[in-house]
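Observations on the three-dimensional arrangement
The chain contents come next:
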Amino acid sequence: MPEIVELELAEKIKLLSPGTKLRKALDDIIHAQLGALIVFIDEEEFPKYSSILQSGFKLDCPFSPERLYELSKMDGAIVMDKNASKILAANVHIVPDPSIPTTETGTRHRTAERLAKQLGVMVVAISKRRNVVTLYYKDKKYVFGDINLVLTKVGQTINALERFRESFDKSLELLDKLEIEGSVSLGSVCEILIRGIEIKSISSSIEISIIELGVEGRLSQLRLREVLKDLDEILTLIIMDYSKKDITEDEAKQILENMLRIDHRLVPFAKVLGYDVVNSQQVSDTIVRPRGYRILRNEVHIPMNISQNVIKSFRSIDQLVKTNPNVLQKVEGIGDKRAKAILRRLREIKKRRQ
């Protein structure tokens, strides 16, 4: 799904999520065991669709859940403006292009899918028989699930993600020690990157579900935000540390995006980092030396431009930890106090990991 359509679909789902007035109207329609077909269009474009949205009663009145509920008792579709703030018409007969393909079987849903594809708008269909809300937008379809089942699914997924993040953070602690000792294998780096990418991928799979939960998903949203806290930054800095060639932060972010689309195995990840490897054993046997971006930013807390100066001078973090303040302070942007603070912090890390 193209990213722009993904974002647009998320916004449409948000309009129908619990806590909104529109969702209250839909719930009232479902509880009354009524069906409905609701079309959302640009108010200014309504007149030009007269051959598709035929007859009906023009209303042009402010939206309220009570009005929408009462109008759903009538035959035909209800037309609202695209922001769901006004009801434009009711009892509307819809005549979409019958040649547009549809996977639906029921008349209401076939009409909804075809209209969404033909006009590129949002159409909501409520099944009278199944009490299910289905959203159609352009060529996309989203079926709203039972709120309790969605809550359970999201909760279980976040529980698993929290355990994965805890394991990921422990791996980073071990990586700190290996980096300072200068004994990091490419395999261990790729394994950490794979764990981080898996966390991102699983998180993405439930983001739409959390949006669907609306106000019911606030706690889940906070928990997911904590799981993802600084994850992108950490992965980007690891890529900058271990890429075969020196790269910028923007280039590292692009590599990170590429990693989301490749197999979660050692060899593909090593190749994306620029290494010419043919099997997992070769990846595991390759010893690599980190430049030090991650430790300098996350552990020593110095700005990227100064980190770049340090890395240019020492090339790797294990070489940096062996130097003395008099040498380090000569690097542009460091000075005597910062040099002593950096080396003291790095040696604290080395001692803490022993």
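For the structure, see preceding data.
Residues numbered from 1 in each chain as written. Predicted model: local features only at pLDDT ≥ 70, side-chain atom pairs only at ≥ 80, totals over all residues. Heavy atoms only, no water.

Attention now moves to the pairing of strand β1 (residues 36-41). In terms of burial, β1 is largely enclosed, as six of its six residues are buried. A two-sided burial pattern is seen for β1, the buried positions comprising A36, I38 and F40 on one face and L37, V39 and I41 on the other. For β1 and strand β6 (residues 122-126), the ladder comprises five bridges, and the chain directions are antiparallel. Each residue of the ladder has a partner; that of V39, found in β6, is V123. Where β1 meets strand β4 (residues 77-81), four bridges bridge the pair, whose relative direction is parallel. Paired with F40 across the strands is M80, a residue of β4. (Buried < 20%, exposed > 50% of the residue type's maximum accessible area, 1.4 Å probe, protein only. Helix = DSSP H or I, 4+ residues; strand = E, 2+ residues; numbered from the N terminus. Pairing = 2+ DSSP bridges.)

Moving on, we come to helix α5 (residues 147-181). With 35 residues, α5 extends 51 Å from end C-alpha to end C-alpha; this agrees with the ideal 51 Å at 1.5 Å per step. The backbone nitrogen of N148 has a side-chain oxygen 3.0 Å away, supplied by the residue at the start of α5, namely D146. Looking one or two residues beyond α5, the residue adopting positive phi is G182, at roughly 75°. (Expected span 1.5 Å × (residues − 1). Polar contact = N/O pair within 3.5 Å; in protein donor to acceptor, adjacent residues only side chain to side chain.)

Estimates place the volume of the second largest pocket at around 360 Å³. The wall of the second largest pocket is formed by 18 residues, among which M74, D75, G76, A77 and R108 lie closest to the centre. Elements with a minimum of two residues in the lining of the second largest pocket: β1, β4, β5 (86-94) and α4 (107-119). Of the residues belonging to the lining of the second largest pocket, the class tally is eight nonpolar, six polar and four charged. (1 Å grid on protein atoms, 1.4 Å probe; cavity = no way out; pocket = protein on both sides within 12 Å on 5 of 7 lines; lining within 4 Å. Points joined across faces, edges and corners; volume = space filled by probe spheres on them. Nonpolar A, V, L, I, M, F, W, Y, C, P; charged D, E, K, R; others polar.)

Moving on, we get to the environment of I239. Structurally, the position occupied by I239 is in helix α8 (residues 231-242). Each C-alpha atom, one on I239 and one on R294, is 9.3 Å from the other, the two residues being 55 residues apart in sequence. Apart from the residues within four sequence positions on either side, I239 is in contact with L193, I247, A252, I255, L256, M259 and L273. (Contact = heavy atoms within 4.5 Å.)

Scanning all chains against the criterion turns up one aromatic pair. With 5.4 Å between their ring centres and 80° between their planes, Y142 and F144 make a pair best called edge-to-face. Each member of the pair Y142 and F144 is classed as buried. (Phe/Tyr/Trp six-rings, centres within 6.5 Å; stacked < 30°, edge-to-face > 60°.)

At a minimum axis separation of 13 Å, α5 and α8 run at an interaxial angle of 30°. By the criterion of interaxial angle, the relationship of α5 to α8 is roughly parallel. The handedness of the crossing between α5 and α8 comes out as left-handed. Contacts between α5 and α8 involve R165, F168, L172, L175 and E179 from the first element and L231, I234, L235, I238, D241 and Y242 from the second. (Axes fitted to C-alpha atoms, helices over the stretch in contact; angles between N-to-C directions. Parallel < 35°, antiparallel > 145°, perpendicular 65-115°, else oblique. Left-handed = near helix turned anticlockwise from the far one by under 90°.)

Looking now at the side chain of H109. For H109, the location among the structural elements is in helix α4. Judged by relative accessible area, which is 8%, H109 ranks as buried. Sequence-distant contacts of H109, that is, excluding residues within four places in its chain, are made with E104, A125, S127, R130, T134 and Y136.

A separate point is the pattern of salt bridges. Across all of its chains, the model carries 29 salt bridges by this definition. Between K177 and E181 there is a salt bridge, and its shortest N-O distance comes to 2.8 Å. Of this pair, K177 and E181 both sit in helix α5, four residues apart, which is roughly one turn of that helix. Among the residues examined, E181 registers a relative accessible area of 38% and is labelled partly exposed. Its salt-bridge partner being R315, residue D246 comes within 3.2 Å of it at the nearest N-O pair. Linking D246 in the loop between α8 and α9 (249-259) with R315 in the loop between α13 (304-314) and α14 (317-321), this pair joins segments that are 69 residues apart in sequence. Its relative accessible area of 44% is what places R315 among the partly exposed residues. One network of salt bridges, in which partners are shared, links E43, D60 and K86. (Salt bridge = Lys/Arg side-chain N within 4 Å of Asp/Glu carboxyl O.)

All right, on to the environment of Q282 then. As for its placement among the helices and strands, Q282 is situated in helix α11 (residues 280-285). A C-alpha to C-alpha distance of 8.7 Å links Q282 and V267, two positions 15 residues apart in sequence.

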